[in-house]
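# An overview of the molecular structure
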Amino acid sequence: MSEQQPAPHPAQMPGAPWAYAPPQAWPVSAGYRRWAGILIWLAVIIAVLMVVAFAVSVVLLVKANADTRNAAYGYLAIVLWVGIAAAIPVLLAVAIPGAAMTRRVRQQRQAGITPW
């Protein structure tokens, strides 16, 4: 057997549990706040364009249904629907990060954390 004596107390992990604090978020920069605003406004613009495209497609369908000579308007409505369907992922890709960034900016503003 070894001649070493056991330690008088067990070794403790660095940083006692009473000293633990959750990591603090870095304050957001002016560029971060600017991009949050840009993303939110892009989402609003895309959503408005989608609503307008839907309204125009309904008008085109009504016009195409009124007379058989105006059948091309129905195809234009279908093209608008395809555009709306293609814009949904773009809207989500812009709106979700924009909302998360805006929420973080608002939380830090309420907490009184000053930017760099």
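Bear in mind that the values here come from a model prediction, so they are computed numbers and not experimental data.

Each value, and the rule that gives it
- Residues numbered from 1 in each chain as written.
- Predicted model: local features only at pLDDT ≥ 70, side-chain atom pairs only at ≥ 80, totals over all residues.
- Heavy atoms only, no water.
- Helix = DSSP H or I, 4+ residues; strand = E, 2+ residues; numbered from the N terminus.
- Buried < 20%, exposed > 50% of the residue type's maximum accessible area, 1.4 Å probe, protein only.
- Polar contact = N/O pair within 3.5 Å; in protein donor to acceptor, adjacent residues only side chain to side chain.
- Phe/Tyr/Trp six-rings, centres within 6.5 Å; stacked < 30°, edge-to-face > 60°.
- Lys NZ or Arg CZ within 6 Å of the ring centre and 35° of its normal.
- Core = buried A, V, L, I, M, F, W, Y, C linked by side-chain atoms within 4.5 Å.
- Contact = heavy atoms within 4.5 Å.

## Points about the side chain of Q108
Assignment of secondary structure puts Q108 in helix α2 (residues 72-111). Look at Q108 and you get buried, because its relative accessible area is 6%. Engagement of the side chain of Q108 in a polar contact is seen with the backbone nitrogen of V28, the distance being 3.0 Å.

## A look at the packing of aromatic side chains
Within the structure shown, the criterion is met by zero aromatic pairs. The positively charged end of R104 is found above the aromatic ring belonging to Y32, 5.1 Å away from the centroid.

## What about the nonpolar core?
Generally speaking, a soluble globular protein has its nonpolar side chains buried in company with each other. Formed by A36, L39, A43, I46, M50, A53, I84, A87, L91, V94 and M101, the largest nonpolar core amounts to 11 residues. Of all the elements in the fold, those that place two or more residues in this core are α1 (30-66) and α2. With six residues, the single largest contributor to this core is α1.

## What about the side chain of S57?
Locating S57 in the fold gives a position in helix α1. Looking at S57, the relative accessible area reads 0%, which means it is buried. Polar contacts involving the side chain of S57 include one to the side chain of W81, which spans 2.9 Å. Each residue touching S57, except ones within four places of it in the same chain, is listed here: A77, L80 and W81.

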